[in-house]
Amino acid sequence: MRLDGCNGDFELCTNLTEFDVHYNIVTEGELRTQCGFDALGCADLNLSIGKCTITLTAGSSSSTKLHELNHCRGWDHDYHDYSWTFRQPKVKWKPWGVVMDFLKKRKS
Ligand SMILES: [Zn+2]
């Protein structure tokens, strides 16, 4: 299992969670309300039931879809929700702390 170095905007990362993925397709205005002011999409992981809900618009790009799907698979980037920096290419992703804790508990 590859635990770091995945570039989630360009490649499908290792599926750490194996959650069921659901899509919530909304308008641009709803996206801003549900995901945050400057978000292109978002992924909500429900660790207790093993479900991930991705919120996108009908016009979301394939790279945004891939990005959110990778969040469902347990990956995160260093600058999440703080700046535009994370959208630059070459920002390597890493497993999400909360997902790693979840995986450790699931194993034991
Ligand atoms: Zn993201």
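The rules behind these values
Residues numbered from 1 in each chain as written. Predicted model: local features only at pLDDT ≥ 70, side-chain atom pairs only at ≥ 80, totals over all residues. Helix = DSSP H or I, 4+ residues; strand = E, 2+ residues; numbered from the N terminus. Buried ≥ 20, exposed ≤ 12 C-beta atoms within 10 Å, placed from the backbone. Contact = placed C-beta atoms within 7 Å. Pairing = 2+ DSSP bridges. Axes fitted to C-alpha atoms, helices over the stretch in contact; angles between N-to-C directions. pLDDT = per-residue confidence, 0-100.

On to the overall build of the chain. Helices and strands together make up the secondary structure of the chain, namely three helices and five strands. Within the chain, the proportion of its 108 residues that are buried is 26%. Sequence-distant contacts in the chain: of pairs separated by 6 or more residues, those separated by 24 or more amount to 61%.

The three strands are arranged S1-S3-S2 in an open sheet whose pairing can be described as mixed. This sheet does not close on itself; its edge strands, each paired only once, are strand S1 (20-26) and strand S2 (42-46). Taking the axes of each pair of neighbouring strands and ignoring which way they run, one obtains an average angle of 20° across the sheet. Across five bridges, the pairing between S2 and strand S3 (residues 51-57) is antiparallel. Residue aspartate 44 lies in a different strand from S3, and its bridge partner there is threonine 53.

Averaged over the chain, the pLDDT score is 84; the fraction of residues at 70 or greater is 82%. Across the chain, S1 holds the top mean pLDDT of 98, while strand S5 (residues 94-95) sits lowest at 79. Segment residues 80-90 is flagged for pLDDT under 50; beyond a separation of four residues in sequence, or across chains, it makes eight contacts in the model.

Direction of pairing for S1 relative to S3: parallel, over a ladder of seven bridges. From the neighbouring strand, aspartate 20 faces S3, where its bridge partner is lysine 51. Linking S2 to S3, which pair antiparallel, is a turn of four residues; within it glycine 50 sits at a positive phi near 65°.

Turning our attention to the environment of asparagine 15. By the secondary structure assignment, asparagine 15 is in the segment before S1. On the neighbour-count criterion, asparagine 15 (15 C-beta atoms within 10 Å) is partly exposed. Put simply, asparagine 15 and histidine 71 are 56 residues apart on the chain and 9.5 Å apart in space, counted from C-alpha to C-alpha.

So, on to helix H2 (residues 62-72). Three or more residues of H2 are buried, namely His67, Glu68, Leu69, Asn70, His71 and Cys72. Positive phi appears at glycine 74, one or two residues downstream of H2, with a value of about 105°.

So, on to unusual backbone geometry. Phi is positive for glutamate 18, close to 55°, though the residue is something other than glycine. Tracing the sequence through the fold places glutamate 18 in the segment before S1. The class of glutamate 18 is exposed, set by 11 C-beta atoms lying within 10 Å.

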